[in-house]
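Report on the structure
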Amino acid sequence: MSDVIIKVDNVQVSFWQNNVGVYSIKDLITHRKSPFKNKVILDNISVEVRKGESLGILGRNGCGKSTLLRAIAGIIKPSKGKITVNGTFAPILAIGAGLELELTGYENISLLLALYGTARKNTNAVENIKEFSELSDEVLKMPVKQYSSGMVARLAFSISLANDSDILIIDEVLAVGDQGFQAKCLEKIYKIKSEGKTILFVSHFPDDVARICNKAILLEQGKLIDSGNSSDVCNHYRQLF
Ligand SMILES: Nc1ncnc2c1ncn2[C@@H]1O[C@H](COP(=O)(O)OP(=O)(O)OP(=O)(O)O)[C@@H](O)[C@H]1O
Ligand SMILES: [Mg+2]
């Protein structure tokens, strides 16, 4: 169908994990058993998102939500299956991912705007980011490694808003922002939704997911255990605890 903007088809993602610690060259030469195991993080995931839809992604810590977003954003490659995306997005995912911690707020803004090509199209982009984030000039001149997690979330979300993309990816931005910023983000998300943009929304707050998203999926240990109408899936999520 032409209005399908994201198609995730039977996707599997696996990572090499080491739960032993250091594995040295000596270990390799003496044929000590490798501690690396190939662990399946996402298994057989299929989901379609149509233009203008908002998809909520729910599940416990470590179930694979951010990994699914990274795969959709093309940051990691599925080991099996196929992902097709017919739109643009700003790949600022989890809190701070995509930001260079050694650089200042301003330097990160310039870098990411240049990367997305936004600076050429929108000359007010830096001012808009500053205004939405409510971060002071003094804070924006500091390296991001000195920011609190709320400040990082403010910067990351404001930069992703400045990029006028078809798909907005939101991973837990509301979790660390203070009440004022949460309310402001929700208002902005509703506005973006009303403009017909597509939203992928990861959150641990089912009430927000039910309000923002028309449909949702529920992951459990890398498997898709429910999908459909967001209020039904949110009820299922609440029953997990
Ligand atoms: N680069 C990596 N290498 C190895 N394992 C990884 C890597 N990234 C994630 N994982 C593992 O993948 C699993 C899913 O992680 P992910 O970050 O997708 O979870 P999540 O659902 O977003 O959790 P949370 O709610 O805590 O944000 C976890 O077990 C994690 O340890
Ligand atoms: Mg996550």
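Quick note: structure is the one above.
Let me begin by describing the structure that accompanies this report. Here the structure is a predicted model, which means the values were calculated and not measured. (Residues numbered from 1 in each chain as written. Chains lettered and ligands numbered in written order. Predicted model: local features only at pLDDT ≥ 70, side-chain atom pairs only at ≥ 80, totals over all residues. Heavy atoms only, no water.)

1. A word on the environment of Pro143
Structurally, Pro143 can be placed in the loop between α6 (137-140) and α7 (149-162). C-alpha separation for the pair Pro143 and Thr104, spaced 39 residues apart in sequence, amounts to 3.8 Å. For Pro143, the residues in contact, after removing those within four places along its chain, are Leu101, Glu102, Leu103 and Thr104. (Helix = DSSP H or I, 4+ residues; strand = E, 2+ residues; numbered from the N terminus. Contact = heavy atoms within 4.5 Å.)

2. With respect to the packing of aromatic side chains
Summed over the entire model, instances satisfying the criterion amount to 3 aromatic pairs. Between the aromatic rings of Phe132 and Phe181, the centroid separation amounts to 5.9 Å while the plane-to-plane angle is 65 degrees, which identifies the pairing as edge-to-face. Here Phe181 lies in helix α9 (residues 179-194) and Phe132 lies in helix α5 (residues 125-133), a separation of 49 residues in the sequence. Phe132 sits in the buried class, given a relative accessible area of 13%. Taken together, the ring pairs in this structure connect Phe132, Phe157 and Phe181 into an aromatic cluster. For Arg60, the ring lying beneath its charged end belongs to Phe241, and the centroid distance is 5.3 Å. Over the ring of Phe132 we find Lys184, and its NZ or CZ is 4.7 Å from the ring centre. (Phe/Tyr/Trp six-rings, centres within 6.5 Å; stacked < 30°, edge-to-face > 60°. Buried < 20%, exposed > 50% of the residue type's maximum accessible area, 1.4 Å probe, protein only. Lys NZ or Arg CZ within 6 Å of the ring centre and 35° of its normal.)

3. Here we look at the pairing of strand β3 (residues 54-59)
Each regular strand displays side chains that alternate between the two surfaces of the sheet. Burial within β3 is extensive, with 6 of its 6 residues counted as buried. Both faces of β3 are covered, namely the face carrying Ser54, Gly56 and Leu58 and the face carrying Leu55, Ile57 and Gly59. Here β3 pairs with strand β6 (residues 198-202) via 4 bridges, running parallel. Bridge pairing in β6 places Ile57 opposite Val202. (Pairing = 2+ DSSP bridges.)

4. Here we look at the pairing of strand β1 (residues 4-18)
Looking at chain direction, β1 and strand β2 (residues 36-50) are connected through 11 bridges and run antiparallel. Bridge pairing links Asn18 to Phe36 in β2.

5. Comments concerning unusual backbone geometry
One non-glycine residue with positive phi stands out, namely Asn10, at about 50 degrees. Note on placement: Asn10 falls in strand β1. For Asn10, a relative accessible area of 42% corresponds to the partly exposed category. For Asn44, which is not glycine, the phi torsion reads 55 degrees and is therefore positive. With respect to the helices and strands, the residue Asn44 is situated in strand β2.

6. As for the side chain of Asn108
Within the secondary structure layout, Asn108 lies in helix α3 (residues 105-116). If we ignore the near neighbours within four places in the chain, the residues touching Asn108 are Leu99, Glu100, Leu103, Val144 and Ile159.

7. Some points on the pattern of salt bridges
By the definition in use, this model includes 15 salt bridges. Put simply, Arg50 and Asp3 hold a salt bridge, and the shortest N to O gap is 2.8 Å. Of this pair, Arg50 sits in strand β2 while Asp3 sits in the segment before β1, and the two are 47 residues apart along the sequence. Its relative accessible area of 33% is what places Asp3 among the partly exposed residues. A salt bridge links Arg60 to Glu220; the shortest N-O distance between them is 3.0 Å. Taken as a pair, Arg60 in the loop between β3 and α2 (65-72) and Glu220 in strand β7 (residues 215-220) lie far apart in primary sequence, 160 residues in all. In this structure Glu220 comes out as partly exposed when scored by relative accessible area, which is 22%. One continuous salt-bridge network, built from bridges that share partners, spans Asp3, Lys7, Glu48 and Arg50. (Salt bridge = Lys/Arg side-chain N within 4 Å of Asp/Glu carboxyl O.)

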